[in-house]
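# Topology and contacts: notes
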Amino acid sequence: MAYRPSRSRAPGGAAPTGPATLRRANLSLVLRELRDHTSLSRAEIAQATGLHRATVSNLMAELLERRLVREVGVEHVGAIGRPRRAVALHGAHVGALGMEINVDYIAVHGTDLSGRSLVERRLVHDAMGSGPDSAVRRLGLVAKEAVEAMRRAGAVPSGIVVAVPGLVDVTRGVVTLAPNLHWRDLPLAEQLSSILGPRSVPVRVDNDANLAALAEYTSGVAAGTPHLVYLTGEVGVGGGIISGGELLRGADGFSGEVGHLRVDPNGDRCGCGRIGCWETKVGLAALVRAAMPEQAYGLPGMPVPDPDERVADIARGLASGDRRMMTAVAQVGEWLGLGGSILANLFNPRVIVIGGYFASLAQWLLPHAQDQLRRLVVAAPAAQCRFVASTLGFGAASRGAASMVVNHIIDDPTILYSLPRPAP
Ligand SMILES: [Zn+2]
């Protein structure tokens with residue numbers, strides 16, 4: 001299912017503002033059609049885009065030469081139908097690198113233009129304790145290794161998008177505020193670019209929950225659901241909102257900071273400095289504190305374990321009927337439902353996809369969360385909103401980040417023509 005960029009698409013081709021601009025927009029139209037279908041004939045592309053057959057053939061010649069599409073030979077339509085020459089999206093040599101930095105890990109997902117996975121990694125990394133300088137250096141090293149691994153797999157990355165849990169000024173590539181990383185006004189895109197060197201491909205930065213929502217909409221458990229809310233369940237809790245098939249960004253790109261909805265004026269202090277934010281009730285740190293206080297986050301001298309290990313410990317406890325853990329997970333589930341009901345009342349989504357640790361513990365969390373949702377959503381049961389567990393795991397944001405790179409290429413494939421040549 002395609003992610004539709006927010007800029008409008010003119011029927012029958014783009015609004016002409018110059019021959020080069022028009023050609024670029026038409027190349028993008030053709031690629032977008034091919035992304036949404038396994039293969040298409042030139043006639044089908046002409047019909048779907050409203051472009052002339054001759055124009056499509058001409059554009060196709062350029063895309064074939066650039067190896068962004070490939071001929072898929074003669075297909076027979078039906079048992080006795082006419083043969084049909086089709087083309088499909090190719091670009092196996094074009095890489096898209098998605099990365100994510102979070103409180104306790106760095107994740108990497110590299111694909112080619114068609115979304116085929118080439119590199120997937122997650123490393124434990126204490127971003128909270130290490131400070132921004134060291135975290136950015138580490139991120140740079142991991143990016144270099146990933147670029148090399150993708151080159152060995154035959155694809156040269158054409159862009160990097162980094163997912164960050166916080167407020168991101170997407171235009172400037174600056175992390176305005178990431179409370180759980182203790183980052184403020186960090187020019188991450190610029191710093192990473194300088195680590196990667198002058199031959200580096202463009203680096204962009206975006207919010208992790210927005211990117212994960214995009215991954216859910218394009219390839220997740222509720223793919224194609226046009227009204228969808230995604231919740232990240234990490235130490236921090238963020239939200240990404242797809243409304244009418246579009247990512248909702250708000251005036252400054254800061255929408256979706258749902259982890260900082262105040263749900264309890266008498267609650268605990270949050271990483272953002274405020275009191276009683278939703279993530280102080282449902283974030284992984286809150287669950288660990290209640291379920292296994294001896295392993296709580298932020299205890300002095302404690303190594304940072306992999307988040308999966310912590311969650312697996314809790315899952316084992318729950319499976320064996322540990323009372324303290326059952327109580328903890330029931331409480332978190334109720335708070336999850338309460339916050340979910342605020343989002344359902346605001347955005348009327350068909351599904352709320354829960355990711356991160358929420359998905360790993362879904363079988364214990366969801367009965368409590370769904371109950372609260374039923375009780376608190378004004379339009380229930382007519383609204384038919386339900387929680388579903390993501391199947392993309394901790395890698396959702398890095399996967400969405402790679403999809404975002406692919407979207408940038410499909411929006412303007414000519415950016416590939418001017419990229420620096422890879423070092424020999
Ligand atoms: Zn907060």
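Coordinates for the structure precede this section.
Quick look at the structure, then. Quantities reported herein were computed from a predicted structural model and do not represent experimental measurements. (Residues numbered from 1 in each chain as written. Predicted model: local features only at pLDDT ≥ 70, side-chain atom pairs only at ≥ 80, totals over all residues. Heavy atoms only, no water.)

## A word on the overall build of the chain
Of regular secondary structure, the chain possesses 14 helices and 16 strands. For the chain, the C-alpha radius of gyration of 23 Å lies close to 22 Å, the compact-globule estimate for 424 residues. Taken along the three principal axes of its C-alpha coordinates, the chain extends 70 × 55 × 40 Å. Evaluated residue by residue, the chain yields a buried proportion of 54% over its 424 residues. Of all intrachain contacts in the chain linking residues separated by at least 6 positions in sequence, the fraction that spans at least 24 positions is 63%. Accessible surface, the chain as shown: approximately 18,600 Å² in total, 52% of it carbon and sulfur. Across the chain, the 43 positively charged side chains and the 38 negatively charged ones have centroids separated by 5 Å. (Helix = DSSP H or I, 4+ residues; strand = E, 2+ residues; numbered from the N terminus. Rg over C-alpha atoms; globule rule 2.2 N^0.38 Å. Buried < 20%, exposed > 50% of the residue type's maximum accessible area, 1.4 Å probe, protein only. Contact = heavy atoms within 4.5 Å. Areas by Shrake-Rupley, 256 points an atom, 1.4 Å probe, with all protein chains shown as cover. Lys, Arg positive; Asp, Glu negative; His and termini not counted. Charge placed at Lys NZ, Arg CZ, Asp CG, Glu CD.)

## Comments concerning the pairing of strand 11 (residues 203–207)
For strand 11, the buried fraction is high: 4 of the 5 residues fall into the buried class. Pairing of strand 7 (residues 156–164) with strand 11, which is carried by 5 bridges, proceeds in the parallel orientation. Each bridged residue has a counterpart across the sheet, and for V161 the counterpart in strand 11 is R204. (Pairing = 2+ DSSP bridges.)

## Considerations on the coordination of the zinc ion
Geometry reference: four tetrahedral donors at a metal, ideal angle 109.5 degrees. Six octahedral donors, ideal angles 90 or 180 degrees. Taken together, H260 (ND1), C270 (SG), C272 (SG) and C277 (SG) make up the full set of protein donors to the zinc ion, lying 2.0 to 2.3 Å away. Around the zinc ion sit 4 donor atoms, and with donor-metal-donor angles ranging over 107 to 118° the site reads as tetrahedral. Between consecutive donor residues of the zinc ion, the sequence gaps follow H-x9-C-x1-C-x4-C. (Donors = N, O, S within 2.8 Å, 3.2 Å for Na, K, Ca; no water. Tetrahedral: all angles 85-135°; square planar, octahedral: opposite > 155°, others 65-115°.)

## What to know about the nonpolar core
Within soluble globular proteins, side chains that are nonpolar tend to cluster in buried spots. Ranked by size, the top nonpolar core spans 74 residues in total, and within it V164, W183, L188, L231 and L361 carry the most contacts. Take this core: its biggest share by element is 8 residues, from helix 5 (residues 132–152). With near-sequence residues (within four places) excluded, V164 lies in contact with I101, V175, A178, L181, W183, L188, V205, D206, N207 and D208. Membership of the second largest hydrophobic core comes to 46 residues, among which are A96, Y230, M404 and V406. (Core = buried A, V, L, I, M, F, W, Y, C linked by side-chain atoms within 4.5 Å.)

These results come straight from atomic positions and should not be treated as a statement about function.
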